Amino acid sequence: MSNAPQTPEPGNHQPLSTDGWFDAGPKNAQLIYILYFLSVIVGLTSIVGVIMAYMNRGKAGGYVETHYTWLIRTFWIAVLFSLVGLVLAFIGIGFLIMVAVFIWAIIRLIKGIQRLGRGEPIDDPQTWWI
């Protein structure tokens, strides 16, 4: 017997393990929260995150479903008010609105990821507030 690694036979490949990061569930929701946080630096990662949330909503069940709804609504509400802020930037108040949206989104994300880490649902995932 040889200790050399064996090459797999054709057609007998093991799938690459993603350890649940891309499957509907808590790890996936956590990844989406991280992508949203990264969007502060990168910008486009929140779009990837909202797509993942839409793809996995309705599959996870339990408390995680409230997090998917929370994440999707956080994205769209932030986009809406950011656009309002952008339009109103020409009269000066828009910059204040954009700062307020940024703070609002960060607080929502912190609240959500903390509750996810404790295995708790979002109490009212449909709310526009924090």
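Just so we're clear, the structure is a prediction, and the values are computed from it rather than from any experiment.

*Asks:* Now, about the packing of aromatic side chains: what can you tell me, with residues and values included?
*Replies:* All told, the structure shown has three aromatic pairs when counted by the stated rule. For the pair Phe 75 and Trp 76, a centre-to-centre distance of 4.9 Å together with 85 degrees between the ring planes defines the contact as edge-to-face. Phe 75 gets classed as buried once you look at its relative accessible area, which sits at 12%. Look at Trp 76 and you get partly exposed, because its relative accessible area is 45%. Considering the side-chain rings of Phe 81 and Trp 128, the 6.0 Å spacing of their centres and the 85 degrees angle between planes classify their relative orientation as edge-to-face. Of this pair, Phe 81 sits in helix H3 (residues 63-88) while Trp 128 sits in the segment after helix H4 (93-117); the two residues are 47 residues apart in sequence, bridging distant segments of the chain. We classify Phe 81 as partly exposed; its relative accessible area is 34%. Its relative accessible area of 41% is what places Trp 128 among the partly exposed residues.

*Asks:* An account of the layout of surface pockets is requested, with residue identities and associated values reported.
*Replies:* Computed from the structure, the largest pocket encloses a volume of approximately 390 Å³. Around the largest pocket, the lining comprises 17 residues; the ones closest to its centre are Ser 39, Ser 46, Ala 78, Ser 82 and Ala 105. Those elements giving two or more residues to the lining of the largest pocket turn out to be helix H2 (45-56), H3 and H4. If you tally residues by element for the lining of the largest pocket, the top one is H4, at six residues.

*Asks:* Explain the packing of H3 against H4 to me, using residue names and the numbers behind them.
*Replies:* Running from N to C, H3 and H4 point in directions that differ by 170 degrees, and their axes come no closer than 8 Å. Relative to H4, H3 is oriented roughly antiparallel. Across the contact of H3 with H4, the residue classes break down as 16 nonpolar, six polar and four charged.

*Asks:* Any chance you could break down the packing of helix H1 (residues 26-38) against H3 for me, citing the residues and the numbers?
*Replies:* Closest axis-to-axis distance for the H1/H3 pair is 10 Å, and the angle between their directions is 20 degrees. With respect to H3, the element H1 is oriented roughly parallel. Classified by chirality, the crossing of H3 by H1 is left-handed. Residues Pro 26, Asn 28, Ala 29, Ile 32, Tyr 33 and Tyr 36 of H1 pack against Tyr 63, Val 64, His 67, Tyr 68, Trp 70, Leu 71, Ile 72 and Phe 75 of H3. Of the residues assigned to the contact of H1 with H3, the class counts are twelve nonpolar, two polar and no charged.

*Asks:* Could you give me a rundown of the side chain of Thr 127, with the residues and numbers involved?
*Replies:* Within the secondary structure, Thr 127 sits in the segment after H4. From its side chain, Thr 127 meets the backbone nitrogen of Trp 129 in a polar contact 3.1 Å long. Setting aside its immediate chain neighbours within four residues, Thr 127 contacts Trp 70, Arg 73, Ile 77 and Arg 108.

*Asks:* For H2, give the residues involved together with the corresponding values.
*Replies:* Between its first and last C-alpha, H2 extends 17 Å over twelve residues, near the 16 Å set by a 1.5 Å rise per residue. Burial in H2 covers these residues: Thr 45, Ser 46, Gly 49, Val 50, Met 52, Ala 53 and Asn 56. The buried residues of H2 all sit within an arc of 160 degrees when viewed along its axis, so they share a single face. The elements touched by buried residues of H2 are H1 and H3.

Reading the values: the criteria
Residues numbered from 1 in each chain as written. Predicted model: local features only at pLDDT ≥ 70, side-chain atom pairs only at ≥ 80, totals over all residues. Heavy atoms only, no water. Phe/Tyr/Trp six-rings, centres within 6.5 Å; stacked < 30°, edge-to-face > 60°. Buried < 20%, exposed > 50% of the residue type's maximum accessible area, 1.4 Å probe, protein only. Helix = DSSP H or I, 4+ residues; strand = E, 2+ residues; numbered from the N terminus. 1 Å grid on protein atoms, 1.4 Å probe; cavity = no way out; pocket = protein on both sides within 12 Å on 5 of 7 lines; lining within 4 Å. Points joined across faces, edges and corners; volume = space filled by probe spheres on them. Axes fitted to C-alpha atoms, helices over the stretch in contact; angles between N-to-C directions. Parallel < 35°, antiparallel > 145°, perpendicular 65-115°, else oblique. Nonpolar A, V, L, I, M, F, W, Y, C, P; charged D, E, K, R; others polar. Left-handed = near helix turned anticlockwise from the far one by under 90°. Contact = heavy atoms within 4.5 Å. Polar contact = N/O pair within 3.5 Å; in protein donor to acceptor, adjacent residues only side chain to side chain. Expected span 1.5 Å × (residues − 1). Arc of directions from axis to C-beta.

That's the geometry; what it means functionally is another story.
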